[in-house]
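The residues making up each chain are set out below.
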Amino acid sequence: MINKVFEINNLDLFYGDFQALKGINIDIENNKVTALIGPSGCGKSTFLRSLNRMNDLIDICHITGNIEFEEMDIYESGYDVINLRTKVGMVFQKPNPFPMSIYDNVAYGPRCQGIKDKKVLNKIVESSLKSAAIYEEVKDRIKDNALSLSGGQQQRLCIARAIAMKPEVILMDEPTSALDPIATLKIEELINDLKDEYTIVIVTHNMQQAARISDYTAFFLMGELIEMGETNKIFTQPTHQKTEDYITGRFG
Amino acid sequence: MEIVRKVNNKFLKIKNKNKKEKIDIVVNLFFLISTIISASFIIIIIVFISVKGIIPFITDNNGIGSVNIFKFLTGDVWLSGTAFKSNLYSVGFIIVNTLYIALLSLLLSLPVGVLTALFIAKVAPKKIAEFLRTVIELLASIPSIVYGLFGSGVILVFVYNFADILGIQSKGGNSVMATVMVLALMTLPTITAISEVSIRSVGKDIEHGSLALGATKTQTNFKVILSSAKSGIFASAILGIGRALGEATAVSLVAGNAKSGPTLAFFETTSTLTSTMLEGLKETTGIDYDIRFSVGIVLMVVILLTNIILNYIKKKVGNVDVK
Ligand SMILES: Nc1ncnc2c1ncn2[C@@H]1O[C@H](COP(=O)(O)OP(=O)(O)OP(=O)(O)O)[C@@H](O)[C@H]1O
Ligand SMILES: [Mg+2]
């Protein structure tokens, strides 16, 4: 068993001439929740997107350094990006279900991988919805359009959609920022359940949330990784003054 | 004194308010008048055509006898008997021809148009996309007579030769196939332009959601983007079929104006409601003239019904039943 899912070495990332990430070194541990915190614009989303190469979609973006996923450099030429994305799922800030039925949303990923067998798909859909703690709410309306769900339900559906791929890692970019406190609580509970099976990397602006759900916390500031460690330690005795300022809210 | 001032103030307020309201009323009146003018023109046209078109059915047409409306709507020969002496007109087969041709042309232009739109919106590099967009806009604004001339100069020849290779003798290429091709060509720019806009307006978040699940670009385009844009694509199809149903000039030049039917075979001559109305309109009088207005009523009803049906389907297909 590999303990480190991701190993990031000297990662620099540029948007054109602008350097958004500077010399990042992080290991992401298996079956743990890692929280990324830091002020707006510090590069959290950018970092997250570089883990499943969604940055490829931004023309002006280029990187140096390397990111190893399961001991393979994912930016090496010839690396199978499609395969990477099936193993490293992503949940976005704004729930983004496809405008199709709940069932089709969850079955979408597996279908794209060529799974056609109805029985197999049914099983995947059911188990994914169950894992995302939304099955009970939607089981009678599985053919309804996903856009008819509430925001919180939509986000759990998006998590179900990611789970359906049976990924190793789920990346979440502020998954609860568009949700009310109750929906947020549900997602947090869900993340707690999911970490037995998945490695989760989550961006959050909510310090309590980071403290509640994560095992490790990484603090970013202006494209640099200031400090990373066990969440307990970061929140009780951070090494850096800036970290302390930020988590205690004394920061700009 | 105090009371007087208050009353005075109030009076002033009302007076002021009235002034502004008066402007509002005048402006609204202006809007209303414009609306009435444009609406009344539509109504006048409809009434005029209806009144003219109803004459063959309710008068004895100067001794020829009135036209039987049931036979008119179901028959398969435009005119049985001699012109100006017979009342045996019918458009039944022409209705079938018209719908058949519009449908076939849509079957051709919709897939091509949507794929082109997808290419422009999602695949082509920015500069090429910009260029193609301009070309499509230009094509959409070309008057139909130009398509008609192109049809009779190029498409007829092509169809004639093509039929010849297959061992079929066509009437100079005038045929269902030529008509369908001209109409498909004419509706293609409209369908492409509108589909392209609706494809382009599909949110990036949905596209990224699909790619992040390990879908390829092609899978994303076909499974997510197209289905998200289907409402706009449908709207483009409705406009396209409307243009196909209503086009007269270009169709008259390539249809061959068949006098009986319906024509289903690709290389046979055909006729549509519009081409029938147009043909010889200037050289005829009496019942033969009036009956073209009856065809006009049929055309308006056909277009209206098609629109209602398509809009109904669009609602069923494109809409999300949000609770
Ligand atoms: N597509 C892009 N093109 C150019 N610059 C970008 C792009 N995306 C992000 N940036 C820049 O990179 C920096 C980091 O952005 P990023 O979105 O990663 O920040 P963030 O930490 O996620 O912020 P937030 O908390 O507000 O989401 C910012 O200065 C931003 O302006
Ligand atoms: Mg962000």
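Residues numbered from 1 in each chain as written. Chains lettered and ligands numbered in written order. Predicted model: local features only at pLDDT ≥ 70, side-chain atom pairs only at ≥ 80, totals over all residues. Heavy atoms only, no water.

A.B. asks: Looking at this structure, how should I read the overall build of chain B?
C.D. replies: Within chain B, the secondary structure is distributed over 12 helices and two strands. Each helix (α) and strand (β) of chain B, taken in turn from the N terminus, gives the series α-α-β-β-α-α-α-α-α-α-α-α-α-α. The C-alpha atoms of chain B give 27 Å as radius of gyration, which overshoots the globular expectation for 323 residues (20 Å, by more than 25%). For chain B, the C-alpha atoms occupy an extent of roughly 100 × 70 × 40 Å along the three principal directions. Considering chain B as a whole, with its 323 residues, one finds that 40% of them fall into the buried category. Long-range contacts, defined as pairs at least 24 residues apart, comprise 70% of the intrachain contacts of chain B with a sequence gap of at least 6. Side chains of chain B give 30 positive and 18 negative charges; the mean places of these two sets differ by 13 Å. (Helix = DSSP H or I, 4+ residues; strand = E, 2+ residues; numbered from the N terminus. Rg over C-alpha atoms; globule rule 2.2 N^0.38 Å. Buried < 20%, exposed > 50% of the residue type's maximum accessible area, 1.4 Å probe, protein only. Contact = heavy atoms within 4.5 Å. Lys, Arg positive; Asp, Glu negative; His and termini not counted. Charge placed at Lys NZ, Arg CZ, Asp CG, Glu CD.)

A.B. asks: Would you explain the interface of chain B and chain A in this entry?
C.D. replies: Quoted interface sizes are often the accessible area lost when the parts come together. Taken together, the contact pairs 22 residues of chain B with 26 residues of chain A. Between chain B and chain A lies a buried interface of about 2000 Å² when both sides are counted; carbon and sulfur atoms form 62% of it. Note that A:Lys94 and B:Asp205 form a salt bridge whose closest N and O atoms lie 3.4 Å from each other. On the surface where chain B and chain A come into contact, there are five residue pairs in polar contact (both at pLDDT 80 or more). Listed by contribution, the elements that provide at least two residues to the side of chain B that touches chain A are α7 (204-212) and α8 (217-228) of chain B. Counted by class, the side of chain B that touches chain A contains eight nonpolar, nine polar and five charged residues. (Buried area = accessible area lost by both parts, 1.4 Å probe. Salt bridge = Lys/Arg side-chain N within 4 Å of Asp/Glu carboxyl O. Polar contact = N/O pair within 3.5 Å; in protein donor to acceptor, adjacent residues only side chain to side chain. Nonpolar A, V, L, I, M, F, W, Y, C, P; charged D, E, K, R; others polar.)

A.B. asks: Sorry, what's going on with the sheet that holds strand β3 (residues 33-37) of chain A here?
C.D. replies: Where strands meet in a sheet, backbone hydrogen bonds hold them as pairs that are either parallel or antiparallel. All names here are of chain A. Taken together, the six strands give an open sheet; going across it, the order is β6-β7-β8-β3-β9-β10, and neighbouring strands pair in mixed fashion. The outermost strands of the open sheet, each flanked by one partner alone, are β6 (88-91) and β10 (224-230). Mean inter-strand twist for the sheet, computed between neighbouring axes without regard to direction, equals 15 degrees. Judged from the four bridges that link them, β3 and strand β8 (residues 199-203) form a sheet pairing that is parallel. Counted as the bridge partner of Ala35 is Ile202 from β8. Of the strands in this sheet, β3, β6, β7 (169-173), β8 and β9 (216-221) are in contact with helix α1 (residues 44-51), which crosses β7 at around 155 degrees. Along the sheet, helix α7 (residues 181-194) makes contact with β3, β7 and β8, crossing β8 at roughly 150 degrees. (Pairing = 2+ DSSP bridges. Axes fitted to C-alpha atoms, helices over the stretch in contact; angles between N-to-C directions.)

A.B. asks: What exactly am I supposed to notice about the environment of A:Pro175 here?
C.D. replies: All names here are of chain A. With respect to the element layout, Pro175 can be found in the loop between β7 and α7. Here Pro175 falls in the buried class, since its relative accessible area comes to 0%. For the pair Pro175 and Arg156, spaced 19 residues apart in the sequence, the C-alpha separation amounts to 9.4 Å. Once residues lying within four places of it in the same chain are set aside, the contact partners of Pro175 are Val91, Phe92, Gln93, Gln155, Ile202 and Val203.

A.B. asks: What am I meant to see in the sheet that holds strand β1 (residues 4-15) of chain A here?
C.D. replies: Residue and element names in this part refer to chain A. The sheet built from four strands is open, its strands ordered β2-β1-β4-β5 with antiparallel pairing. Unpaired on one side and paired on the other, β2 (18-29) and β5 (72-73) mark the two borders of the sheet. Two elements, β1 and strand β4 (residues 61-69), share eight bridges in a ladder whose sense is antiparallel. Each residue of the ladder has a partner; that of Glu7, found in β4, is Glu68. In the packing of α1 onto the sheet, contacts are made with β1, β2 and β4, and the angle to β1 comes to roughly 120 degrees.

A.B. asks: Can you walk me through a nonpolar patch on the surface in this structure?
C.D. replies: Residues B:Leu29, B:Leu32, B:Ile33, B:Ile36, B:Ile37, B:Phe41, B:Ile44 and B:Phe48 make up a contiguous nonpolar surface patch of roughly 790 Å² in combined accessible area. Looking at where B:Ile44 falls in the secondary structure, it is placed in helix α1 (residues 2-58). (Patch = residues over 30% accessible without salt bridge, like charges linked within 9 Å, V, L, I, M, F, W, Y side chains within 5 Å. Areas by Shrake-Rupley, 256 points an atom, 1.4 Å probe, with all protein chains shown as cover.)

A.B. asks: I keep staring at the domain arrangement of chain B and nothing clicks. Help me out?
C.D. replies: Residues and elements named next belong to chain B. With domains assigned, chain B is organised as domain 1 (2-53) and domain 2 (92-318). On a C-alpha basis, the centroid separation for the pair domain 1 and domain 2 is 42 Å. Contact residues are listed per partner, giving six residues for domain 1 and seven residues for domain 2. Carbon and sulfur atoms make up 75% of the area that domain 1 and domain 2 hide from each other, which totals about 570 Å². Interface area lost by domain 1 to domain 2 is led by Ile49, Lys52 and Gly53, which between them contribute 75%. Connecting domain 1 to domain 2 are one salt bridge. (Domains from an automatic or database assignment.)

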